[in-house]
Amino acid sequence: MAGVPVEVFSKPPQKVRAMLTEPDHATAMFAQGQAPVPHPDLGAPVQKARDVWTGGPVPRVPTPAAPHLLVDEVAEARAMQGLHPYQVALAVGRLVRTLYTTRGWWEVKPWHWLRDLAARELQVARHLETAFRAGDAGQRQAALKALARTLLDVLKCGENASLPGATL
């Protein structure tokens, strides 16, 4: 398959079994990967990883402070004139990772966010794309705010922790 990136991991079977005891990114690696050389001791653990992968991770609710910190990120981006794209990128990273965690989705690497989110929640993907690609700070900030609201409305939070009474 020309043009398809390949990652190769070389681990002894006992290390693979240990990695598969907790569902995390190792689960994804083994559930979606292929062993170039079949190993008789890894059939059952790899099948278990595929089952766990299919079921998805358990959604996790962030700490009570997390939504306030995310709101602060959005507010700080608004104040960062010269570094606005940088602050938006930082805030988007935290928002998207929290979105994956709270929805119970396996995380994907940032360069796959747009494609993955387009398949899951198209409007979120549109906000993300605008936040990254808009040349105008006002458009970027509006997209960041919309992305934050997608997540924060679910978390029932909209007040800025640093500026009591201020909302997104």
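Criteria and cut-off values
Residue numbering note: each chain is counted from 1, following its sequence as written. A pLDDT threshold of at least 70 governs which residues receive local features in this predicted model, and a stricter bar of 80 or more applies before side-chain atom pairs are shown or counted, although totals over entire chains, interfaces and linings include all residues. Hydrogens and water are ignored here; the side-chain numbers use all heavy atoms of the structure. By the criteria applied, helices consist of DSSP H or I runs no shorter than four residues and strands consist of E runs no shorter than two, each listed in order from the N terminus. A simple rule labels every residue: compare its accessible area, found with a 1.4 Å probe on the protein chains alone, to the largest value its type can have, and call it buried under 20%, exposed over 50%, or partly exposed in between. The contact rule is simple, with two residues in contact once any of their heavy atoms fall within 4.5 Å. To measure how exposed things are, a 1.4 Å probe is used in the Shrake-Rupley method; for residues, cover is taken only from the protein chains shown. Just to be clear on terms, a salt bridge is a Lys or Arg side-chain nitrogen sitting within 4 Å of an Asp or Glu carboxyl oxygen. Note on geometry: axes are C-alpha line fits, over the in-contact stretch for helices, and angles between N-to-C directions span 0 to 180 degrees. An angle below 35 degrees is treated as roughly parallel, one above 145 as roughly antiparallel, one from 65 to 115 as roughly perpendicular, and anything else as oblique. All residues other than Ala, Val, Leu, Ile, Met, Phe, Trp, Tyr, Cys, Pro, Asp, Glu, Lys and Arg, Gly among them, are scored as polar; the first ten of these are nonpolar and the last four charged. What makes a nonpolar core is a set of buried Ala, Val, Leu, Ile, Met, Phe, Trp, Tyr and Cys residues whose side-chain atoms join them at distances within 4.5 Å. Known as pLDDT, the predictor's confidence for each residue is given on a scale from 0 to 100.

I'm lost on the overall build of the chain in this one. Help?
Check the secondary structure of the chain and you find eight helices and zero strands. When the helices and strands of the chain are read in sequence order from the N terminus, they spell out α-α-α-α-α-α-α-α. For the chain, with 168 residues in total, the buried portion stands at 36%. Within the chain, counting contacts between residues at least 6 apart in sequence, those at least 24 apart form 52% of the total. Counting only carbon and sulfur atoms, one obtains 58% of the accessible surface of the chain, whose full area is about 10400 Å².

I tried to follow the pattern of salt bridges on my own but got confused; where do I start?
Two side chains of opposite charge can pair, provided their charged atoms sit close to one another. For the structure on display, the rule yields four salt bridges. Of the charged contacts, one joins Arg103 and Glu121 as a salt bridge, the two residues approaching to 2.8 Å between their closest N and O atoms. Of this pair, Arg103 sits in helix H5 (residues 84-103) while Glu121 sits in the loop between helix H6 (113-120) and helix H7 (122-133), and the two are 18 residues apart along the sequence. Accessibility expressed as a relative area gives 22% for Arg103, which makes it partly exposed. Residue Asp116 is joined to Arg120 by a salt bridge in which the shortest nitrogen-to-oxygen separation is 2.9 Å. Within this pair, Asp116 and its partner Arg120 are both found in helix H6, separated by four residues, close to a single helical turn.

Would you mind showing me how to read the side chain of Thr98 here?
Secondary-structure assignment places Thr98 in helix H5. Given the relative accessible area of 15%, Thr98 is considered buried.

How do you make sense of the packing of H6 against H7 when you look at a structure like this?
Helix packing for two helices is described by the angle between their axes and how far apart those axes are. The geometry of H6 relative to H7 is characterised by a closest axis approach of 6 Å and an angle of 150 degrees between their N-to-C directions. Here H6 lies roughly antiparallel to H7, going by the angle between them. Taken together, the residues of H7 that come into contact with H6 (itself represented by Trp113, Leu114, Leu117, Ala118 and Arg120) are Leu122, Val124, Ala125, Leu128, Glu129, Phe132 and Arg133. Considering only residue class, the contact of H6 with H7 consists of nine nonpolar, no polar and three charged.

In this structure, what is going on with the environment of Leu117? I would like to understand it.
Structurally, the position occupied by Leu117 is in helix H6. Each C-alpha atom of the pair Leu117 and Leu128 lies 8.9 Å from the other, and the pair is 11 residues apart in sequence.

Can you help me understand the nonpolar core in this one?
The nonpolar side chains of a soluble globular protein tend to be buried, and buried together. Counting residues in hydrophobic clusters, the biggest one holds 24 residues, and the most contacted among them are Val92, Leu95, Val96, Leu117, Leu128, Leu144 and Leu147. When residues of this core are traced back to their parent elements, those giving at least two are helix H4 (66-79), H5, H6, H7 and helix H8 (137-155). Ranked by the residues each element gives to this core, the list is headed by H5, at seven residues. Ranked by size, the runner-up nonpolar core spans eight residues in total, among them Met19, Phe30, Ala31 and Leu42.

Quick question: what am I supposed to make of the confidence of the model for the chain here?
A residue-level look at the chain finds 82% of positions with pLDDT of 70 or above and a mean pLDDT of 80. For the chain, per-element mean pLDDT is lowest for helix H2 (residues 25-32), which scores 70, and highest for H6, which scores 95. Note that residues 157-161 has pLDDT below 50 and, in this model, 20 contacts with residues that lie over four places away or in other chains.

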